[in-house]
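Architecture at a glance
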Amino acid sequence: MAQQRLPIGTWGKIRTHAVTDSKGRVSYRAMAKFRDFNGAVVPVERRGKTKGAAISNLRTALRERAKMGKAGTWTTTHRFSEIADEWVEEIEELVRDGSRSPGTIQIYRSILEKHVRPALGELRLAEVTTARVDVFIRRIKSDVGVPTAKLCRSVVSGVMGLAVRSGPLDANPVREIRRIEQPRKKKLARSLTIEEVDLWLNAVDANEYAKSKDIPALSLFMLGTGVRIGEALALTWAEVDLAAAAVEIEWTVGRISGQGLLRRPTKSSAGERTLPLPQRVLDMLTKRHDAGVQLDWPVFPDSIGGYRDPNNTLKIFRKVRAEVESLEWVKSHNFRKTLATILDGDGQSARQIADQLGHSRVSMTQDGYLGRKIKNPGAAKAMDAVFGQADRQEGSDSQKHGKDVG
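Residues numbered from 1 in each chain as written. Predicted model: local features only at pLDDT ≥ 70, side-chain atom pairs only at ≥ 80, totals over all residues. Heavy atoms only, no water.

Time to look at the overall build of the protein. Helix and strand counts for the protein stand at 15 helices and eight strands. The buried share of the protein, taken over its 406 residues, is 42%. Counting every atom, the protein has about 22,600 Å² of accessible surface; 50% of that belongs to carbon and sulfur. (Helix = DSSP H or I, 4+ residues; strand = E, 2+ residues; numbered from the N terminus. Buried < 20%, exposed > 50% of the residue type's maximum accessible area, 1.4 Å probe, protein only. Areas by Shrake-Rupley, 256 points an atom, 1.4 Å probe, with all protein chains shown as cover.)

Compared with an ideal rise of 1.5 Å per residue, which puts 12 residues at 16 Å, helix α6 (residues 194-205) spans 17 Å between its outermost C-alpha atoms and is within 8% of the ideal. The complete set of buried residues in α6 reads E196, V197, D198, W200, L201 and V204. (Expected span 1.5 Å × (residues − 1).)

It is worth spelling out the sheet that holds strand β3 (residues 41-48) at this point. Sheet strands pair by backbone hydrogen bonding; their relative direction is either parallel or antiparallel. Strand order across the open sheet formed by three strands is β1-β2-β3, with antiparallel pairing between neighbours. Two strands bound the open sheet, and with one partner strand each, they are β1 (15-20) and β3. Shown here is a sheet whose adjacent strand axes are inclined to one another by a mean of 30 degrees, direction ignored. Pairing of β1 with strand β2 (residues 26-35) involves six bridges; the strand directions are antiparallel. Residue pairing across strands places V19 opposite S27, the latter belonging to β2. (Pairing = 2+ DSSP bridges. Axes fitted to C-alpha atoms, helices over the stretch in contact; angles between N-to-C directions.)

So, about the sheet that holds strand β4 (residues 240-241). Taken in spatial order, the three strands of this open sheet run β4-β5-β8, and their pairing is antiparallel. The sheet terminates laterally at β4 and β8 (273-276), the two strands that pair on one side only. For strand β5 (residues 246-249) and β8, the ladder comprises four bridges, and the chain directions are antiparallel. Its bridge partner lying in β8, E248 is registered against T274.

Moving on to helix α5 (residues 146-166). Along its 21 residues, α5 runs 30 Å from first to last C-alpha, staying within 8% of the 30 Å computed at 1.5 Å per residue. G167, located one to two residues past α5, shows a positive phi value of around 120 degrees.

Scored by pLDDT, the protein comes out at a mean of 84, with 87% of its residues at no less than 70. In the predicted structure, residues 400-406 sits below a pLDDT of 50 and forms zero contacts with residues beyond four places in sequence or in another chain. (pLDDT = per-residue confidence, 0-100. Contact = heavy atoms within 4.5 Å.)

Turning to unusual backbone geometry, a few remarks are in order. Leave glycine aside and you will find that most residues have negative phi; peptide bonds, for their part, are mostly trans. Backbone geometry places D214, a non-glycine residue, at a positive phi of 65 degrees. Checked against the element boundaries, D214 lands in the loop between α7 (208-212) and α8 (215-225). According to the relative accessible area criterion, D214 is buried, its value standing at 17%.

This part takes up a negative patch on the surface. On the surface, a cluster of negative charge is made up of D241, E248, E250 and E272. Mapped onto the elements of the fold, E272 is located in the loop between β7 (260-265) and β8. For E272, a relative accessible area of 31% puts it in the partly exposed group. (Patch = residues over 30% accessible without salt bridge, like charges linked within 9 Å, V, L, I, M, F, W, Y side chains within 5 Å. Salt bridge = Lys/Arg side-chain N within 4 Å of Asp/Glu carboxyl O. Lys, Arg positive; Asp, Glu negative; His and termini not counted. Charge placed at Lys NZ, Arg CZ, Asp CG, Glu CD.)

Structural data, given as structure tokens:
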């Protein structure tokens, strides 16, 4: 029976020999045959003062050689899980390079372990066909939901794309599966009216628990700028220019599994933007600044002066809004929608509004918020008008109430 050839990137039995030099000193030589990535079988050897040292040195050399030749060594008989591990390493490298956020690898890992690997992990690459992937994605869509199905598709496509780049496959089978259709359009966040903006700000300012958690100032800042909650909580005084009445949004903060709370660059370059400050927001920040700060301090810190956890802050929002009559539906994201709606009513273009919100695609703004890093003075002017109108309305109501009492 013919001897079976070594798989590419592996080695055979390790043999050792004692070697005596001219002075009678004994050392050891360890040798093995290695099947290189080009298919050729080559001898590899290393030496050591002892037999164990020689074997250890050889194994280290063999593993390094296998690692160097790993790309291009995959075959259609390798399992999906094996190449999935290398794909994860690629994404981790992109995270280290700053091309992907830490949150991306966290989501991909979760999807891979919870859904993809249990369904496809033991299949050979040749067995991961369009039909099998299509059935898997349909099942995830039915049992879990459309968002998870789309993430599963992205993960499987990424892994099989690596298989195409590495050689064993000529085409990515995921490309031909059916589109994942949304059963019905997701209900979009609604915006607050001018009266509701006034009601919310007054309600949280009168709520002792909300004030102790800095919700009034945070709400005012998010309404006036349209930033995401992670961007607001990542802001330090170094990015606040009171003289120019503007802030630089360059960072976001969030909790990453296994790493804790991280301050990292915004998700995309479009998220890096200069935003003007409405007068009411500027006054609030000036008052906080005058109380004494340092440049590296967060503008909206936690109880010990560090960065706040967005998840914990959202829990506080939920508790506060439950106590605000008729505004129990308000979430932090409604503040972004509110600013977008106000700017749209002020006649600003979708591009200007997208730049204010940090969207790279105008279509995202148009589809989700209206029914570049450009400083937009009109945004502050528009919000000044809203805050001013709310203040005038409050004053009018107070006068009317006073007459009624009198």
